[in-house]
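Chain by chain, the residues run as shown.
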Amino acid sequence: MPGMPRGKPAGERCLHLDEAMRCRLFGRPERPAFCGGLQPSREMCGEDRGQAIAWLARMERLTAP
């Protein structure tokens with residue numbers, strides 16, 4: 001990932017998010033394939049940002065090496 005050579009650690013805000021939480025790399029060739037392939041769903045997003053963050057944290061725990 002540009003600017004994050006070891007990837008983005010779990011729980012750390014991506015440095016490519018702007019103040020409105022939008023990706024500054026969106027539509028650019030350097031945007032990682034993973035980010036482009038991540039498709040939001042009702043399960044993932046929940047009712048608010050807190051629920052979305054909790055879902056992502058759970059997925060990171062479940063898929064950790």
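Predicted model only: the values in this text are computed from it and were never measured.

Undergrad: Looking at this structure, I do not really get unusual backbone geometry. What am I missing?
TA: Leave glycine aside and you will find that most residues have negative phi; peptide bonds, for their part, are mostly trans. If you check the backbone angles, Met21 has positive phi at about 65° while not being a glycine. Along the polypeptide, Met21 turns up in the segment before α1 (33–37).

Undergrad: Is there a simple way to think about the layout of surface pockets in this case?
TA: A water-sized probe, rolled over the atoms, reveals where empty space remains. If you add up the space inside the largest pocket, you get close to 1,200 Å³. Surrounding the largest pocket, 31 residues form its lining, Lys8, Cys14, Leu17, Leu38 and Leu56 being those nearest its centre. Only α1, α2 (42–45) and α3 (49–63) provide two or more residues apiece to the lining of the largest pocket. Across the lining of the largest pocket, the residue classes tally to 19 nonpolar, 5 polar and 7 charged.

What counts and what doesn't
Residues numbered from 1 in each chain as written. Predicted model: local features only at pLDDT ≥ 70, side-chain atom pairs only at ≥ 80, totals over all residues. Heavy atoms only, no water. Helix = DSSP H or I, 4+ residues; strand = E, 2+ residues; numbered from the N terminus. 1 Å grid on protein atoms, 1.4 Å probe; cavity = no way out; pocket = protein on both sides within 12 Å on 5 of 7 lines; lining within 4 Å. Points joined across faces, edges and corners; volume = space filled by probe spheres on them. Nonpolar A, V, L, I, M, F, W, Y, C, P; charged D, E, K, R; others polar.

Scope: geometric values only; no functional claims are made or implied.
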